[in-house]
Amino acid sequence: MHSNKGQIRIIAGQYRGRRIRVASRPGLRPTPDRVRETLFNWLGQWLDGESCLDLFAGSGALGFEAASRGAARVVMVEADRSAASALQATRETIGARNVEIICDDALGYLERARECFHVVFLDPPFRQNAHAAVLERLAPRLTAGARVYIEARAPLAPGRPWRELKRSRAGQVSYQLFQWSGDDQGGLPGNV
């Protein structure tokens, strides 16, 4: 892999080829190019007009990729101040006006937020074991049929109203794409 240590590149879209500087923070694992490519294949490449939430933004790899691929709005939430200022700097450098960066912890943000999202990226630091608490609080922030991408040590099986769409693994990381079907009437499969 030719990526410079401390940098990742945006794969496709408006900011294609632009480099993102990655803050050197403990536990920060930017989603590798190959995994991002797979994820955006799963999502259909483009996110035209959709709103996205990158809840543990870290390097911003997922959020900036979504912004580059036509998302109308991307909210990046990052609790670490230096990682959040690196995100601000990247946003200014590439001119991503559709990106809002919020320095807050994920659960606090979910409790205060009022906005709903079509696509959510969840890649919390593994040591936090935050998935269950986040998924529980995420529901009111999702549009009907929202898709949620999750990176974890092992595959998750959150059960209904979550429906697993895709699953793969890269090294030590399991990654999955779920669809929220909490608005389905009586649990009947919706027309997709």
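Below, the structure is looked at part by part. Predicted, not measured: the structure shown is a model, and the values here were computed from it. (Residues numbered from 1 in each chain as written. Predicted model: local features only at pLDDT ≥ 70, side-chain atom pairs only at ≥ 80, totals over all residues. Heavy atoms only, no water.)

## Remarks on the overall build of the chain
In terms of regular secondary structure, the chain is built from 5 helices and 9 strands. Helices and strands appear in the chain in the N-to-C order β-β-α-β-α-β-α-β-α-β-α-β-β-β. Scored against the burial criterion, the 192 residues of the chain give a buried share of 49%. For the chain, restricting intrachain contacts to residue pairs at least 6 apart in sequence, the fraction spanning at least 24 positions comes to 63%. Surface exposure of the chain reaches about 9,700 Å², of which carbon and sulfur atoms provide 47%. (Helix = DSSP H or I, 4+ residues; strand = E, 2+ residues; numbered from the N terminus. Buried < 20%, exposed > 50% of the residue type's maximum accessible area, 1.4 Å probe, protein only. Contact = heavy atoms within 4.5 Å. Areas by Shrake-Rupley, 256 points an atom, 1.4 Å probe, with all protein chains shown as cover.)

## Points about the sheet that holds strand β5 (residues 99-103)
Whether parallel or antiparallel, the strands of a sheet pair through hydrogen bonds between backbone atoms. Read from one edge to the other, the open sheet built from 7 strands follows the order β5-β4-β3-β6-β7-β9-β8, with strand pairing classed as mixed. Strands with a single pairing partner mark the edges of an open sheet, and in this sheet they are β5 and β8 (162-170). Here the average twist between neighbouring strands, direction ignored, is 15°. As judged from the 4 bridges shared by strand β3 (residues 51-54) and strand β4 (residues 73-78), these two strands associate in the parallel manner. Within the sheet, the bridge partner assigned to Cys-52 lies in β4 and is Val-74. Sitting on the sheet, helix α2 (residues 61-68) is in contact with β3, β4, β5, β6 (117-122) and β7 (142-152), with an inclination near 170° to β4. Relative to β7, helix α5 (residues 131-138) is tilted by about 170°, and along the sheet it contacts β3, β6, β7 and β8. (Pairing = 2+ DSSP bridges. Axes fitted to C-alpha atoms, helices over the stretch in contact; angles between N-to-C directions.)

## Description of the nonpolar core
With 32 residues, the main nonpolar core has Phe-64 and Phe-121 as its most contacted residues. The leading source of residues in this core is α2, at 5 residues. Setting aside residues up to four positions removed in sequence, Phe-64 forms contacts with Ile-10, Tyr-15, Ile-20, Ser-59, Met-76, Leu-87, Thr-90, Arg-91, Ile-94, Ala-96 and Val-99. Counting 25 residues, the second largest nonpolar core, distinct from the first, contains Phe-56, Val-77, Ala-139 and Phe-178. (Core = buried A, V, L, I, M, F, W, Y, C linked by side-chain atoms within 4.5 Å.)

## A word on the pairing of β8
When β8 meets strand β9 (residues 173-180), the two strands line up antiparallel, connected through 8 bridges. By the bridge assignment, Ala-170 is partnered in β9 with Val-173. Linking two consecutive strands that pair antiparallel, namely β8 and β9, is a turn of 2 residues; a positive phi of about 60° is found at Gly-171 within it.

## Re the packing of helix α1 (residues 33-42) against α2
The interhelical angle for the contact between α1 and α2, taken along N-to-C directions, is 45°, at an axis separation of 11 Å. Viewed along their axes, α1 and α2 adopt a mutual orientation that is oblique. Classified by chirality, the crossing of α2 by α1 is right-handed. Residue-level inspection shows Arg-36, Leu-39 and Phe-40 of α1 in contact with α2, the latter providing Ala-61, Leu-62, Glu-65 and Ala-66. (Parallel < 35°, antiparallel > 145°, perpendicular 65-115°, else oblique. Left-handed = near helix turned anticlockwise from the far one by under 90°.)

## Some thoughts on the pattern of salt bridges
Tallied over the full model, the rule gives 11 salt bridges. Put simply, Arg-147 and Glu-50 hold a salt bridge, and the shortest N to O gap is 3.5 Å. Placement of Arg-147 in strand β7 and of Glu-50 in the loop between α1 and β3 is noted, with a sequence separation of 97 residues between them. Ionic pairing is found between Glu-164 and Arg-167, a salt bridge with its closest N-O pair at 2.9 Å. Salt bridges here are not isolated pairs; linked through shared partners, they connect Arg-9, Asp-33, Arg-36, Glu-65 and Arg-69. (Salt bridge = Lys/Arg side-chain N within 4 Å of Asp/Glu carboxyl O.)

## Description of the side chain of Asp-104
Among the secondary structure elements, Asp-104 is positioned in the loop between β5 and α4 (106-112). Here Asp-104 falls in the buried class, since its relative accessible area comes to 16%. Apart from the residues within four sequence positions on either side, Asp-104 is in contact with Val-77, Glu-78, Ala-79, Tyr-109 and Arg-112.

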